[in-house]
Amino acid sequence: MEPVLSRHFNDSQYRDVDTYMADGGYRVLKSTLKQRAPEEIIQTVKDAGLRGLGGAGFPTGMKWSFVPSVEERPGNRYLVCNADESEPGTFKDRALLTWDPHLIIESMVISGFAMSMNIGFIYLRGEFTEITPIIEKAIAQAYEKGFLGNNILGSKFSFELYLHRGAGAYICGEETALLESLEGKRGYPRLKPPFPATHGLWRSPTNVNNVETLCLVPFILDRGVKWFRSIGNDKAKGPKLYCLSGRVKRPGVYELPMGINLKELIFEHGGGIPNDKALKAVIPGGSSCPVLTAAECDISMDFDSLAAAGSMFGTAAVIIMDETVSMVEALYVITRFYAHESCGQCTPCREGVKWMQDILRRLLKGRGRREDIDLLITMCDQIERRTICALGDAAALPVRSFVSKFRHEFEKGIQ
Ligand SMILES: Cc1cc2nc3c(=O)[nH]c(=O)nc-3n(C[C@H](O)[C@H](O)[C@H](O)COP(=O)(O)O)c2cc1C
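Residues numbered from 1 in each chain as written. Predicted model: local features only at pLDDT ≥ 70, side-chain atom pairs only at ≥ 80, totals over all residues.

1. Brief notes about the overall build of the chain
Next up, step 1: Broken down by element type, the chain carries 17 helices and nine strands.
Next up, step 2: Its C-alpha atoms give the chain principal-axis dimensions of roughly 75 × 45 × 35 Å.
Next up, step 3: Buried residues in the chain amount to 51% of all 415 residues.
Next up, step 4: Long-range contacts, defined here as pairs at least 24 residues apart, represent 70% of the contacts in the chain between residues at least 6 apart. (Helix = DSSP H or I, 4+ residues; strand = E, 2+ residues; numbered from the N terminus. Buried ≥ 20, exposed ≤ 12 C-beta atoms within 10 Å, placed from the backbone. Contact = placed C-beta atoms within 7 Å.)

Rendered as C-alpha coordinates:
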(Lines give C-alpha, C1' and ligand atoms only; values in the text may rest on other atoms or scores of the structure.)
Protein backbone atom coordinates (compact mmCIF):
# COMPACT_ATOMS: atom_id res chain seq x y z
CA MET A 1 0.00 0.00 0.00
CA GLU A 2 1.27 3.43 -0.92
CA PRO A 3 1.50 5.48 2.29
CA VAL A 4 -0.56 8.65 2.34
CA LEU A 5 -0.46 9.91 5.92
CA SER A 6 3.08 8.88 6.79
CA ARG A 7 4.94 9.88 3.64
CA HIS A 8 6.78 12.68 5.42
CA PHE A 9 7.28 11.12 8.84
CA ASN A 10 10.98 11.14 9.69
CA ASP A 11 11.79 13.95 7.24
CA SER A 12 14.47 16.21 8.67
CA GLN A 13 11.95 19.07 8.81
CA TYR A 14 8.19 19.24 9.02
CA ARG A 15 6.37 20.34 5.88
CA ASP A 16 5.89 24.07 6.17
CA VAL A 17 3.37 25.83 3.98
CA ASP A 18 5.59 26.17 0.90
CA THR A 19 6.72 22.56 0.92
CA TYR A 20 3.19 21.41 1.59
CA MET A 21 1.85 23.46 -1.33
CA ALA A 22 4.67 22.35 -3.62
CA ASP A 23 3.57 18.77 -2.86
CA GLY A 24 0.00 19.60 -3.91
CA GLY A 25 -1.21 20.69 -0.48
CA TYR A 26 -4.38 22.82 -0.23
CA ARG A 27 -5.31 21.70 -3.76
CA VAL A 28 -8.18 19.57 -2.41
CA LEU A 29 -9.40 22.50 -0.33
CA LYS A 30 -9.49 24.72 -3.42
CA SER A 31 -11.41 22.19 -5.52
CA THR A 32 -13.75 21.33 -2.66
CA LEU A 33 -14.75 24.94 -2.00
CA LYS A 34 -15.30 25.47 -5.73
CA GLN A 35 -16.99 22.26 -6.77
CA ARG A 36 -18.57 20.45 -3.86
CA ALA A 37 -21.64 20.91 -1.71
CA PRO A 38 -21.40 20.16 2.03
CA GLU A 39 -24.00 17.35 1.85
CA GLU A 40 -22.04 15.71 -0.95
CA ILE A 41 -18.88 15.67 1.18
CA ILE A 42 -20.72 14.09 4.10
CA GLN A 43 -22.19 11.45 1.79
CA THR A 44 -18.73 10.69 0.35
CA VAL A 45 -17.26 10.23 3.82
CA LYS A 46 -20.20 7.95 4.66
CA ASP A 47 -19.78 5.94 1.47
CA ALA A 48 -16.09 5.48 2.15
CA GLY A 49 -16.97 3.90 5.49
CA LEU A 50 -14.45 6.00 7.43
CA ARG A 51 -14.64 5.26 11.16
CA GLY A 52 -13.31 7.41 13.98
CA LEU A 53 -9.70 6.59 14.79
CA GLY A 54 -9.59 8.17 18.25
CA GLY A 55 -10.63 4.89 19.85
CA ALA A 56 -14.36 4.37 19.57
CA GLY A 57 -14.62 3.72 15.82
CA PHE A 58 -17.89 5.58 15.35
CA PRO A 59 -18.75 6.06 11.62
CA THR A 60 -17.50 9.55 10.79
CA GLY A 61 -19.99 10.49 8.05
CA MET A 62 -22.90 9.46 10.25
CA LYS A 63 -21.54 11.53 13.14
CA TRP A 64 -21.22 14.53 10.84
CA SER A 65 -24.81 14.12 9.70
CA PHE A 66 -26.04 14.48 13.30
CA VAL A 67 -24.92 18.12 13.33
CA PRO A 68 -28.02 20.28 12.72
CA SER A 69 -28.09 22.57 9.70
CA VAL A 70 -27.27 26.29 9.92
CA GLU A 71 -30.93 27.06 9.26
CA GLU A 72 -31.93 24.99 12.30
CA ARG A 73 -29.09 26.26 14.48
CA PRO A 74 -27.56 29.54 13.33
CA GLY A 75 -24.74 31.14 15.33
CA ASN A 76 -21.31 29.77 16.14
CA ARG A 77 -20.66 26.16 15.24
CA TYR A 78 -17.49 24.37 16.23
CA LEU A 79 -15.15 21.77 14.83
CA VAL A 80 -12.67 20.38 17.33
CA CYS A 81 -9.62 18.36 16.40
CA ASN A 82 -8.82 16.04 19.27
CA ALA A 83 -5.03 16.15 19.51
CA ASP A 84 -4.90 15.21 23.18
CA GLU A 85 -3.38 11.79 22.40
CA SER A 86 -2.61 10.41 25.85
CA GLU A 87 -3.53 6.72 25.72
CA PRO A 88 -0.40 4.78 26.68
CA GLY A 89 1.02 3.09 23.59
CA THR A 90 -0.45 5.65 21.18
CA PHE A 91 1.82 8.06 19.33
CA LYS A 92 0.39 8.29 15.79
CA ASP A 93 -1.28 11.72 16.05
CA ARG A 94 1.95 13.08 17.44
CA ALA A 95 3.68 12.12 14.17
CA LEU A 96 1.04 13.89 12.07
CA LEU A 97 1.19 16.96 14.30
CA THR A 98 4.99 17.02 14.18
CA TRP A 99 5.53 16.49 10.47
CA ASP A 100 2.36 17.57 8.72
CA PRO A 101 0.60 20.44 10.48
CA HIS A 102 -0.83 21.79 7.21
CA LEU A 103 -2.47 18.47 6.40
CA ILE A 104 -4.36 18.85 9.68
CA ILE A 105 -5.32 22.44 8.89
CA GLU A 106 -6.46 21.62 5.36
CA SER A 107 -8.46 18.65 6.69
CA MET A 108 -10.10 20.84 9.31
CA VAL A 109 -11.13 23.54 6.86
CA ILE A 110 -12.63 20.95 4.49
CA SER A 111 -14.43 19.15 7.35
CA GLY A 112 -15.60 22.47 8.78
CA PHE A 113 -17.02 23.38 5.37
CA ALA A 114 -18.84 20.02 5.20
CA MET A 115 -20.61 20.73 8.50
CA SER A 116 -20.94 24.50 7.96
CA MET A 117 -18.80 25.27 10.95
CA ASN A 118 -17.19 28.66 11.40
CA ILE A 119 -14.76 28.06 14.27
CA GLY A 120 -12.19 25.35 14.79
CA PHE A 121 -9.99 24.36 17.72
CA ILE A 122 -7.01 22.07 17.83
CA TYR A 123 -6.96 20.74 21.39
CA LEU A 124 -3.34 19.78 21.87
CA ARG A 125 -2.02 17.50 24.59
CA GLY A 126 -0.31 19.70 27.18
CA GLU A 127 2.90 17.67 27.17
CA PHE A 128 3.42 18.21 23.43
CA THR A 129 5.44 21.33 24.13
CA GLU A 130 7.70 20.89 21.09
CA ILE A 131 4.67 20.66 18.79
CA THR A 132 3.09 23.91 20.01
CA PRO A 133 5.29 26.28 17.96
CA ILE A 134 4.90 24.05 14.89
CA ILE A 135 1.11 24.32 15.00
CA GLU A 136 1.18 28.01 15.92
CA LYS A 137 3.41 28.78 12.95
CA ALA A 138 1.34 26.64 10.58
CA ILE A 139 -1.87 28.40 11.62
CA ALA A 140 -0.23 31.81 11.05
CA GLN A 141 1.01 30.71 7.62
CA ALA A 142 -2.42 29.38 6.65
CA TYR A 143 -3.98 32.74 7.58
CA GLU A 144 -1.36 34.57 5.53
CA LYS A 145 -2.06 32.46 2.46
CA GLY A 146 -5.83 32.86 2.79
CA PHE A 147 -6.58 29.25 3.76
CA LEU A 148 -8.08 30.43 7.05
CA GLY A 149 -10.12 33.50 7.94
CA ASN A 150 -12.87 35.26 6.04
CA ASN A 151 -14.02 34.19 2.57
CA ILE A 152 -11.41 31.49 2.17
CA LEU A 153 -9.90 31.53 -1.35
CA GLY A 154 -12.61 33.93 -2.50
CA SER A 155 -15.45 31.60 -1.47
CA LYS A 156 -18.36 32.42 0.84
CA PHE A 157 -16.89 30.13 3.48
CA SER A 158 -15.13 31.61 6.53
CA PHE A 159 -13.34 29.59 9.19
CA GLU A 160 -11.25 30.72 12.17
CA LEU A 161 -8.81 28.25 13.74
CA TYR A 162 -7.32 28.35 17.23
CA LEU A 163 -4.76 26.23 19.04
CA HIS A 164 -5.69 25.35 22.60
CA ARG A 165 -3.19 23.53 24.79
CA GLY A 166 -4.35 21.09 27.41
CA ALA A 167 -2.70 20.99 30.80
CA GLY A 168 -1.68 17.35 30.94
CA ALA A 169 -4.87 15.46 31.80
CA TYR A 170 -5.70 12.20 29.99
CA ILE A 171 -9.39 12.72 30.76
CA CYS A 172 -9.43 15.81 28.54
CA GLY A 173 -9.14 13.51 25.53
CA GLU A 174 -12.66 12.33 26.30
CA GLU A 175 -14.62 14.58 24.02
CA THR A 176 -17.02 16.14 26.53
CA ALA A 177 -14.29 16.67 29.15
CA LEU A 178 -12.32 18.28 26.34
CA LEU A 179 -15.22 20.66 25.66
CA GLU A 180 -15.48 21.56 29.35
CA SER A 181 -11.75 22.25 29.37
CA LEU A 182 -12.04 24.40 26.24
CA GLU A 183 -14.76 26.37 28.00
CA GLY A 184 -12.23 27.07 30.76
CA LYS A 185 -13.70 24.66 33.28
CA ARG A 186 -12.38 21.60 35.03
CA GLY A 187 -12.23 18.66 32.60
CA TYR A 188 -15.18 16.66 33.88
CA PRO A 189 -16.96 14.48 31.27
CA ARG A 190 -20.58 15.40 30.63
CA LEU A 191 -23.58 13.12 30.87
CA LYS A 192 -24.86 12.23 27.40
CA PRO A 193 -27.35 12.87 25.86
CA PRO A 194 -27.38 15.60 24.78
CA PHE A 195 -24.45 14.90 22.47
CA PRO A 196 -21.95 17.50 21.24
CA ALA A 197 -23.53 17.48 17.76
CA THR A 198 -26.41 19.53 19.16
CA HIS A 199 -25.11 20.70 22.55
CA GLY A 200 -21.34 20.90 22.39
CA LEU A 201 -19.07 23.84 23.00
CA TRP A 202 -21.08 26.53 24.79
CA ARG A 203 -24.17 24.38 24.01
CA SER A 204 -23.70 25.00 20.28
CA PRO A 205 -23.45 22.45 17.45
CA THR A 206 -20.03 20.85 17.70
CA ASN A 207 -18.14 17.97 16.20
CA VAL A 208 -15.06 16.40 17.74
CA ASN A 209 -12.81 14.20 15.63
CA ASN A 210 -9.45 12.62 16.11
CA VAL A 211 -6.42 14.00 14.19
CA GLU A 212 -5.97 10.88 12.05
CA THR A 213 -9.68 10.65 11.22
CA LEU A 214 -9.70 14.24 9.92
CA CYS A 215 -6.48 13.79 7.97
CA LEU A 216 -8.00 11.02 5.85
CA VAL A 217 -10.82 13.26 4.60
CA PRO A 218 -8.86 15.16 1.87
CA PHE A 219 -7.54 11.87 0.50
CA ILE A 220 -11.04 10.41 0.33
CA LEU A 221 -12.29 13.47 -1.54
CA ASP A 222 -9.29 13.56 -3.86
CA ARG A 223 -8.86 9.88 -4.65
CA GLY A 224 -12.45 8.76 -4.22
CA VAL A 225 -14.47 6.22 -2.32
CA LYS A 226 -13.32 3.42 -4.60
CA TRP A 227 -9.67 4.07 -3.78
CA PHE A 228 -10.37 4.14 -0.03
CA ARG A 229 -12.43 0.95 -0.13
CA SER A 230 -9.80 -0.84 -2.22
CA ILE A 231 -7.49 -0.74 0.83
CA GLY A 232 -8.11 -3.19 3.66
CA ASN A 233 -10.04 -6.47 3.82
CA ASP A 234 -13.71 -7.46 3.77
CA LYS A 235 -14.22 -6.17 7.33
CA ALA A 236 -12.46 -2.82 7.35
CA LYS A 237 -11.35 -0.30 4.79
CA GLY A 238 -8.75 2.39 4.36
CA PRO A 239 -5.20 3.15 5.42
CA LYS A 240 -4.33 3.11 9.13
CA LEU A 241 -1.47 4.25 11.33
CA TYR A 242 -0.43 1.47 13.71
CA CYS A 243 1.82 2.17 16.70
CA LEU A 244 4.17 -0.64 17.70
CA SER A 245 5.79 -0.50 21.12
CA GLY A 246 7.10 -2.73 23.86
CA ARG A 247 9.15 -5.83 23.15
CA VAL A 248 9.52 -5.49 19.41
CA LYS A 249 12.64 -5.05 17.32
CA ARG A 250 11.44 -2.07 15.31
CA PRO A 251 9.00 0.02 17.33
CA GLY A 252 7.35 2.95 15.56
CA VAL A 253 4.40 4.17 13.54
CA TYR A 254 3.49 2.02 10.51
CA GLU A 255 0.96 2.97 7.87
CA LEU A 256 -0.66 -0.19 6.57
CA PRO A 257 -4.13 -1.29 5.46
CA MET A 258 -6.91 -1.67 7.97
CA GLY A 259 -7.36 -5.31 8.84
CA ILE A 260 -3.72 -6.32 8.66
CA ASN A 261 -2.97 -9.53 10.51
CA LEU A 262 -1.62 -8.76 13.97
CA LYS A 263 1.14 -11.37 13.76
CA GLU A 264 2.25 -10.03 10.38
CA LEU A 265 2.36 -6.55 11.87
CA ILE A 266 4.58 -7.67 14.74
CA PHE A 267 6.83 -10.18 13.03
CA GLU A 268 7.15 -8.84 9.48
CA HIS A 269 6.83 -5.09 9.88
CA GLY A 270 8.07 -4.83 13.46
CA GLY A 271 10.84 -7.38 12.90
CA GLY A 272 9.68 -9.69 15.70
CA ILE A 273 10.76 -9.94 19.32
CA PRO A 274 14.26 -8.88 20.41
CA ASN A 275 16.70 -11.63 21.42
CA ASP A 276 14.40 -14.23 19.89
CA LYS A 277 12.23 -14.38 22.97
CA ALA A 278 8.77 -15.90 22.70
CA LEU A 279 5.71 -13.69 22.33
CA LYS A 280 3.58 -13.82 25.46
CA ALA A 281 0.78 -11.30 25.03
CA VAL A 282 -0.31 -8.24 23.08
CA ILE A 283 -2.53 -5.30 23.88
CA PRO A 284 -3.84 -4.49 20.40
CA GLY A 285 -5.30 -1.02 20.70
CA GLY A 286 -3.76 0.98 23.56
CA SER A 287 -3.53 0.28 27.27
CA SER A 288 -7.32 0.32 27.84
CA CYS A 289 -7.95 -2.67 25.57
CA PRO A 290 -8.22 -6.24 26.84
CA VAL A 291 -5.00 -8.21 26.40
CA LEU A 292 -4.65 -11.04 23.86
CA THR A 293 -2.56 -14.13 24.55
CA ALA A 294 0.05 -15.10 21.95
CA ALA A 295 -2.31 -17.81 20.71
CA GLU A 296 -4.99 -15.19 20.01
CA CYS A 297 -2.77 -12.96 17.86
CA ASP A 298 -3.54 -14.53 14.50
CA ILE A 299 -6.27 -11.96 13.97
CA SER A 300 -7.31 -9.18 11.61
CA MET A 301 -6.66 -5.74 13.08
CA ASP A 302 -10.08 -4.14 12.77
CA PHE A 303 -12.91 -3.00 15.04
CA ASP A 304 -15.21 -5.99 14.46
CA SER A 305 -12.66 -8.82 14.56
CA LEU A 306 -11.08 -7.59 17.79
CA ALA A 307 -14.48 -7.02 19.41
CA ALA A 308 -15.45 -10.58 18.44
CA ALA A 309 -12.26 -11.79 20.14
CA GLY A 310 -13.21 -9.94 23.33
CA SER A 311 -10.73 -7.10 22.86
CA MET A 312 -10.80 -3.74 21.07
CA PHE A 313 -9.16 -2.05 18.09
CA GLY A 314 -8.97 1.21 20.07
CA THR A 315 -6.26 3.41 18.59
CA ALA A 316 -4.39 0.47 17.00
CA ALA A 317 -1.59 0.98 19.51
CA VAL A 318 -0.03 -2.45 19.70
CA ILE A 319 1.88 -3.08 22.93
CA ILE A 320 3.96 -6.24 22.72
CA MET A 321 4.99 -8.34 25.70
CA ASP A 322 7.46 -11.22 25.58
CA GLU A 323 7.96 -14.21 27.86
CA THR A 324 10.08 -12.17 30.29
CA VAL A 325 7.32 -9.68 31.09
CA SER A 326 5.55 -10.02 34.43
CA MET A 327 1.85 -9.64 33.75
CA VAL A 328 1.29 -8.53 37.34
CA GLU A 329 3.79 -5.74 36.94
CA ALA A 330 2.47 -4.74 33.52
CA LEU A 331 -1.07 -4.55 34.82
CA TYR A 332 0.06 -2.65 37.91
CA VAL A 333 1.72 -0.01 35.73
CA ILE A 334 -1.41 0.31 33.56
CA THR A 335 -3.74 0.53 36.57
CA ARG A 336 -1.53 3.09 38.29
CA PHE A 337 -1.91 5.26 35.20
CA TYR A 338 -5.72 5.06 35.23
CA ALA A 339 -5.89 5.62 38.99
CA HIS A 340 -3.79 8.73 38.54
CA GLU A 341 -5.83 9.98 35.59
CA SER A 342 -9.32 9.32 36.97
CA CYS A 343 -10.95 12.74 37.16
CA GLY A 344 -12.72 11.75 40.38
CA GLN A 345 -16.22 12.68 39.28
CA CYS A 346 -17.70 9.15 39.53
CA THR A 347 -17.23 7.16 42.72
CA PRO A 348 -16.71 3.70 41.14
CA CYS A 349 -13.83 5.03 39.03
CA ARG A 350 -12.32 7.39 41.63
CA GLU A 351 -12.35 4.86 44.50
CA GLY A 352 -12.38 1.58 42.58
CA VAL A 353 -9.41 2.12 40.31
CA LYS A 354 -7.25 3.39 43.17
CA TRP A 355 -8.27 0.35 45.20
CA MET A 356 -7.41 -1.99 42.30
CA GLN A 357 -4.01 -0.33 42.15
CA ASP A 358 -3.50 -1.03 45.88
CA ILE A 359 -4.47 -4.69 45.45
CA LEU A 360 -2.17 -5.10 42.45
CA ARG A 361 0.68 -3.48 44.37
CA ARG A 362 0.41 -6.03 47.15
CA LEU A 363 0.19 -8.91 44.65
CA LEU A 364 3.29 -7.54 42.95
CA LYS A 365 5.12 -7.42 46.27
CA GLY A 366 4.06 -11.01 47.08
CA ARG A 367 1.79 -9.82 49.86
CA GLY A 368 -1.54 -10.62 48.18
CA ARG A 369 -4.51 -12.06 50.05
CA ARG A 370 -6.30 -15.23 48.99
CA GLU A 371 -9.46 -13.28 48.07
CA ASP A 372 -7.63 -10.59 46.05
CA ILE A 373 -7.93 -12.12 42.58
CA ASP A 374 -11.68 -12.66 42.78
CA LEU A 375 -12.01 -9.26 44.41
CA LEU A 376 -10.36 -7.65 41.39
CA ILE A 377 -12.92 -9.27 39.09
CA THR A 378 -15.81 -8.20 41.35
CA MET A 379 -14.46 -4.67 41.27
CA CYS A 380 -14.45 -4.71 37.48
CA ASP A 381 -18.16 -5.68 37.66
CA GLN A 382 -18.73 -2.67 39.91
CA ILE A 383 -16.86 -0.20 37.69
CA GLU A 384 -17.68 -1.21 34.12
CA ARG A 385 -20.59 0.72 32.58
CA ARG A 386 -21.25 2.53 35.87
CA THR A 387 -19.43 5.76 35.15
CA ILE A 388 -20.22 8.86 33.11
CA CYS A 389 -17.36 8.31 30.67
CA ALA A 390 -15.41 5.31 29.48
CA LEU A 391 -12.36 5.87 31.70
CA GLY A 392 -13.81 3.45 34.25
CA ASP A 393 -14.13 0.79 31.55
CA ALA A 394 -10.67 1.67 30.26
CA ALA A 395 -9.27 0.83 33.70
CA ALA A 396 -11.40 -2.24 34.37
CA LEU A 397 -11.09 -4.03 31.01
CA PRO A 398 -7.33 -4.63 31.23
CA VAL A 399 -7.70 -5.85 34.83
CA ARG A 400 -10.41 -8.33 33.89
CA SER A 401 -8.50 -9.68 30.90
CA PHE A 402 -5.04 -9.87 32.50
CA VAL A 403 -6.37 -11.56 35.62
CA SER A 404 -8.59 -14.00 33.68
CA LYS A 405 -5.97 -14.97 31.12
CA PHE A 406 -2.88 -15.01 33.33
CA ARG A 407 -4.42 -15.93 36.69
CA HIS A 408 -1.54 -18.25 37.56
CA GLU A 409 0.87 -15.30 37.60
CA PHE A 410 -1.37 -13.35 39.96
CA GLU A 411 -1.76 -16.39 42.23
CA LYS A 412 2.01 -16.40 42.73
CA GLY A 413 1.64 -13.03 44.45
CA ILE A 414 -0.58 -14.43 47.21
CA GLN A 415 1.14 -14.59 50.60
C1 LIG B 1 -10.76 8.69 28.84
C2 LIG B 1 -10.80 8.92 27.37
C3 LIG B 1 -9.73 9.52 26.72
C4 LIG B 1 -9.77 9.77 25.35
N5 LIG B 1 -8.69 10.34 24.74
C6 LIG B 1 -8.74 10.59 23.41
C7 LIG B 1 -7.64 11.23 22.77
O8 LIG B 1 -6.63 11.56 23.38
N9 LIG B 1 -7.74 11.47 21.43
C10 LIG B 1 -8.86 11.13 20.71
O11 LIG B 1 -8.93 11.39 19.52
N12 LIG B 1 -9.91 10.53 21.31
C13 LIG B 1 -9.88 10.28 22.63
N14 LIG B 1 -10.96 9.71 23.23
C15 LIG B 1 -12.17 9.46 22.40
C16 LIG B 1 -13.01 10.74 22.28
O17 LIG B 1 -13.92 10.79 23.38
C18 LIG B 1 -13.82 10.77 21.00
O19 LIG B 1 -14.49 9.56 20.86
C20 LIG B 1 -12.95 11.00 19.75
O21 LIG B 1 -12.18 12.15 19.86
C22 LIG B 1 -13.88 11.12 18.55
O23 LIG B 1 -13.13 11.24 17.37
P24 LIG B 1 -13.19 10.12 16.25
O25 LIG B 1 -14.65 9.84 16.00
O26 LIG B 1 -12.52 10.75 15.09
O27 LIG B 1 -12.49 8.92 16.77
C28 LIG B 1 -10.94 9.42 24.61
C29 LIG B 1 -12.01 8.81 25.26
C30 LIG B 1 -11.95 8.56 26.62
C31 LIG B 1 -13.11 7.89 27.28
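2. A look at the site of the ligand
Next up, step 1: In the vicinity of the ligand lie 24 residues, with Gly52, Gly54, Gly173, Asn210 and Thr213 positioned nearest.
Next up, step 2: Contributing elements (two or more residues each) for the shell around the ligand: strand 4 (206–210) and helix 16 (391–405).
Next up, step 3: For the shell around the ligand, the element with the highest residue contribution is strand 4, accounting for three residues.
Next up, step 4: Tallied by class, the residues present in the shell around the ligand amount to ten nonpolar, nine polar and five charged. (Near = placed C-beta within 6 Å. Nonpolar A, V, L, I, M, F, W, Y, C, P; charged D, E, K, R; others polar.)

3. Thoughts on unusual backbone geometry
Next up, step 1: Following Lys192, the chain continues into Pro193 via a peptide bond in cis, with omega recorded as -5 degrees.
Next up, step 2: Topologically, Pro193 is positioned in the loop between helix 8 (175–182) and helix 9 (196–199).
Next up, step 3: Going from Pro193 to Pro194, the amide bond is cis rather than trans, its omega being 0 degrees.
Next up, step 4: With respect to the helices, strands and loops of the structure, Pro194 is situated in the loop between helix 8 and helix 9.
Next up, step 5: For Ser116, which is not a glycine, the phi torsion comes out positive at approximately 50 degrees.
Next up, step 6: By the element assignment, Ser116 lies in the loop between helix 6 (101–114) and strand 2 (119–124).

4. What to know about the sheet that holds strand 6 (residues 252–257)
Next up, step 1: One open sheet accounts for five strands, arranged 6-5-9-7-8; its pairing is mixed. One side of each edge strand has no neighbouring strand; the edge strands of this open sheet are strand 6 and strand 8 (292–293).
Next up, step 2: In terms of strand pairing, strand 5 (residues 239–246) meets strand 9 (residues 317–322) through four bridges, oriented parallel. Following the sheet pairing, Leu244 is matched in strand 9 by Val318. (Pairing = 2+ DSSP bridges.)

5. What to know about the sheet that holds strand 4
Hydrogen bonds along the backbone pair up the strands of a sheet, which may run parallel or antiparallel.
Next up, step 1: Strand order across the open sheet formed by four strands is 3-2-1-4, with parallel pairing between neighbours. For this open sheet the edge positions go to strand 3 (160–165) and strand 4, each flanked by a neighbour on one side alone. For this sheet, the mean angle separating the axes of adjacent strands, direction not counted, is 20 degrees.
Next up, step 2: Judged from the six bridges that link them, strand 1 (residues 78–83) and strand 2 form a sheet pairing that is parallel. In the strand pairing of strand 2, Asn82 is matched with Tyr123.
Next up, step 3: Strands in contact with helix 6 are strand 1, strand 2, strand 3 and strand 4; relative to strand 1, the strand with the most contacts, it is inclined by about 145 degrees.
Next up, step 4: Against the sheet, helix 10 (residues 211–229) touches strand 1 and strand 4, its axis set at about 95 degrees to strand 4. (Axes fitted to C-alpha atoms, helices over the stretch in contact; angles between N-to-C directions.)

6. What to know about the domain arrangement of the chain
Next up, step 1: The domains assigned to the chain are domain 1 (17–229), domain 2 (239–322) and domain 3 (327–411).
Next up, step 2: The centre of domain 1, based on its C-alpha atoms, is set 27 Å off from the matching centre of domain 2.
Next up, step 3: In this complex, domain 1 contributes 13 residues to the contact, which on the side of domain 2 involves 14 residues.
Next up, step 4: Considering only residue class, the side of domain 1 that touches domain 2 consists of four nonpolar, five polar and four charged. (Domains from an automatic or database assignment.)

7. What about the nonpolar core?
Next up, step 1: If you look at the biggest cluster of nonpolar residues, it comprises 127 residues, and the most contacted ones within it are Ile104, Val109, Val282 and Val318.
Next up, step 2: Top element by residues in this core is helix 10. It accounts for nine residues.
Next up, step 3: Contacts of Val282, omitting those with residues within four sequence positions, involve Leu262, Leu292, Cys297, Val318, Ile319, Ile320 and Met321. (Core = buried A, V, L, I, M, F, W, Y, C linked by C-beta atoms within 7 Å.)

8. A short note on the environment of Gly149
Next up, step 1: Structurally, Gly149 can be placed in the loop between helix 7 (132–144) and strand 3.
Next up, step 2: What Gly149 contacts, discounting residues up to four positions off in sequence, is Tyr143, Ser158 and Glu160.

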